[in-house]
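# Structural overview for review
One-letter residues, chain by chain:
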Amino acid sequence: MKVIIASDHGGVNIREEIKKLLDEMNIEYEDIGCDCGTSVDYPDYALPAAERVAKGEFDRGILICGTGIGMSIAANKVKGIRCALVHDVFSAKATREHNDSNMLAMGERVIGPGLAREIVKTWLTTEYVGGRHANRLEKISKYEETHL
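Predicted model, so just to flag it, every value in this text is computed and none were measured. (Residues numbered from 1 in each chain as written. Predicted model: local features only at pLDDT ≥ 70, side-chain atom pairs only at ≥ 80, totals over all residues. Heavy atoms only, no water.)

## Looking at the overall build of the chain
Helix and strand content of the chain: six helices and five strands. Scanning the chain from its N terminus toward the C terminus, one meets helices and strands in the order β-α-β-α-β-α-β-α-β-α-α. Relative to a compact globule of 148 residues, whose C-alpha radius of gyration would be 15 Å, the chain shows 14 Å and is just as compact. Dimensions of the chain along its principal axes, counting C-alpha atoms only, are 40 × 30 × 25 Å. (Helix = DSSP H or I, 4+ residues; strand = E, 2+ residues; numbered from the N terminus. Rg over C-alpha atoms; globule rule 2.2 N^0.38 Å.)

Structure below.
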């Protein structure tokens, strides 16, 4: 598995914690920033990461900002992206099993590093179950084909 990870200024600390987790899990990743504590614009990081996941360069992407909201909104503008905003372990599991999410967004101002690690580990190790959920994802894909 190959993962791309990005944050704005509001997610730098948890991004560093998640990189340690990815190293521990022996998961290949690319960190595309940001590397500062001063204000930056989250679309400048979310959109390139989402585009690279959509192109197939990465299997999954992880985005972190203050709340996770801005990053998830931006990423979901990219065709083929299913970015889930998650702040609990149950949702991390459900979004993989039911929605086959390919990107995860979290908010550093909402959760701490320990919970962020649990969320990411669950999200990375949970498989999509398909079945009745496949029809729903197909409807989304068809909509994207005709409207985006």
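## Side note on the sheet that holds strand S5 (residues 103-107)
Taken in spatial order, the five strands line up as S2-S1-S3-S5-S4 in an open sheet, and their pairing is parallel. Because the sheet does not close on itself, it has two edges, and the strands there are strand S2 (28-31) and strand S4 (83-85). When strand polarity is set aside, the average angle formed by the axes of neighbouring strands in this sheet is 20°. Bridge count between strand S1 (residues 2-7) and strand S3 (residues 60-65): five bridges; the pairing is parallel. Counted as the bridge partner of Ala6 is Leu63 from S3. Contacting S1, S3 and S5, helix H5 (residues 113-125) crosses the sheet at an angle of about 170° to S5. (Pairing = 2+ DSSP bridges. Axes fitted to C-alpha atoms, helices over the stretch in contact; angles between N-to-C directions. Contact = heavy atoms within 4.5 Å.)

Keep in mind these values describe shape, not function.
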